[in-house]
Amino acid sequence: MPSAPSSSTSVFGPAPSRRTLLAAGGALGLGALLTACGDDKPAATDPDYKGWSFEDDRGTTARTKDTPRRIVAYIGAAAALHDLGVECTGVFGPTKLKNGEPDVQAADIDVDKVTVLGNEWGRFNVEKYAALKPDLLVTTMNVSPTLWYVPEESAEKIAALAPTVGILTGRTSLTQAIGRFSELAGALGADLEAAAVKAAKKRFEEASEKLRRAARARRGLKVMAVSATPDLLYVGNPTDFTDLRHYRELGVEFVTPDSTGKDGFFQEVGWENADKYRADLILVDRRTGNLQPADLKRTKPTWAKLPAVRAGQVTSWSNEAQFSHAGYAPLVERLADSLDAAKSLA
C-alpha cells in the first residue's frame, strides 16, 4: 500500500499521536498481558520445534505451536484473507466511517463482527490487542521491513504479543502480492481449490486479458492516476504502485511524473498547475479522505477545465484494494471498460 494521501495517512505531516494506554479498573494490566501472551510461544531457535510456521517478505519466519486461529490484521490484509476463506478476529486501519458504515477498504468484511483496534493512522489499542490473545498479526508493507499501520512507538510491544507477518505490496508484481496472500491463506488452512477461489482467479485472468485488448485498441491514450486533497493534487507514479504496474504490463500507457517525494509514489502538484500533464483518462483515488470527482468539479476550477474531466473520461481508482483475485478482478474490468469508452483528447 502506498503512502498516498488520505485522512488516515501521514503524508500531510506528523501522524496523530496514539491514545494513551489506560488500564481499565480491575482489568489485567498491559505488562501482565504481555507476560501471559508470551508464556506459551515456542522458541524460534528450538531445533525440535514442529509447529506452524510461515516465512514472510522480510525473510522473517513466524512460528506458533498450532495453526493460528486468533488472527489480527490490517484491514486490507484481512479483506484479502476473507476472500480466501480466512476470517480475522481483529483489524486495524480504515474500517468504519464516522456513521458506522464500512470504509471502502473493508471490502466484504462484516465490520460489526471484528474487533477494531484503531481506525486511523497511529491508532492501535495495544491493551485491546493483548486481550484478544492473538496468535498472529498480518499486515502489508510498502517497503520491507516496515509493517504498514503498526505504530512505530508501540511496535515492540505489539511484536511481543504474537508473531507478525508482513506481505510486500508496494513496488512489486500484483500477481506476486496476490500469490503471497494465497500462500498465507493456504498455510492458515484455507481451501485454495474451493469453487469461489478458483472462479475468482479465472475472472481475474479473463479481466487482465480484456484490459490487454483494450490497451492495444487504445494505443497512445494516456492515463493518469491521482489523489486529490483541498490543497494539492497528487500524481501517481506507475512504477511504485503495484496495481498500476500490472496495468502497464498489460499495455496501459500512464502519465509518469517527472519527480516524486522522498518516499516515492506521488508528485505533489499545486491546483494552479493541475494541467501539468496531459491525460485522456484520469483515475481518482476513492479512499476515504480524498476529494471525489463531483467535489473536484464543483470546488476546483482548474480540475473542471481539464480535457478528460470535460469529456467525462474520469473513473475511480482503488489503490489499496485487497490483494486477492476476487478483490482485483472487478477493478481490472472497470479499467478495461473505461479505456474502451475513452477517446484520445490530443
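Residues numbered from 1 in each chain as written. Predicted model: local features only at pLDDT ≥ 70, side-chain atom pairs only at ≥ 80, totals over all residues. Heavy atoms only, no water.

S.K.: Sorry, what's going on with the environment of Thr95 here?
M.R.: With respect to the secondary-structure elements, Thr95 resides in the loop between strand 4 (90–92) and strand 5 (115–116). Relative accessible area serves as the criterion here: at 0%, Thr95 is assigned to the buried category. Along the sequence, Thr95 and Asp112 sit 17 residues apart, while their C-alpha atoms lie 9.9 Å from each other. Apart from the residues within four sequence positions on either side, Thr95 is in contact with Ile75, Glu101, Pro102, Asp103, Ala106, Val111, Val116 and Asn119. Here the side chain of Thr95 touches Gly93 through a polar contact of 2.8 Å, landing on its backbone oxygen. (Helix = DSSP H or I, 4+ residues; strand = E, 2+ residues; numbered from the N terminus. Buried < 20%, exposed > 50% of the residue type's maximum accessible area, 1.4 Å probe, protein only. Contact = heavy atoms within 4.5 Å. Polar contact = N/O pair within 3.5 Å; in protein donor to acceptor, adjacent residues only side chain to side chain.)

S.K.: Mind showing me how you'd approach the packing of aromatic side chains here?
M.R.: For any pair of aromatic rings, geometry is given as the distance between the ring centres together with the angle between the planes. By the definition in use, this model includes 15 aromatic pairs. Taken together, a centroid distance of 5.1 Å and an interplanar angle of 75° make the contact between Phe241 and Phe266 edge-to-face. Of the two residues, Phe241 is situated in the loop between strand 9 (232–236) and helix 7 (242–249) and Phe266 in strand 11 (residues 266–270); the sequence distance between them amounts to 25 residues. Here Phe241 and Phe266 have matching classes, each one buried. Seen in terms of ring centroids, Trp271 and Trp303 are 6.5 Å apart; in terms of plane orientation they differ by 80°. Their pairing is edge-to-face. With a gap of 32 residues between them, Trp271 in the loop between strand 11 and strand 12 (281–285) and Trp303 in helix 9 (residues 301–304) connect regions that are remote in the sequence. Each member of the pair, Trp271 as well as Trp303, is classed as buried. An aromatic cluster is built from Tyr74, Phe92, Trp121, Phe124, Tyr129, Trp148 and Tyr149, whose rings are joined through pairwise contacts. It is Arg171 that lies over the ring of Phe265; its NZ or CZ is 4.6 Å from the centre. (Phe/Tyr/Trp six-rings, centres within 6.5 Å; stacked < 30°, edge-to-face > 60°. Lys NZ or Arg CZ within 6 Å of the ring centre and 35° of its normal.)

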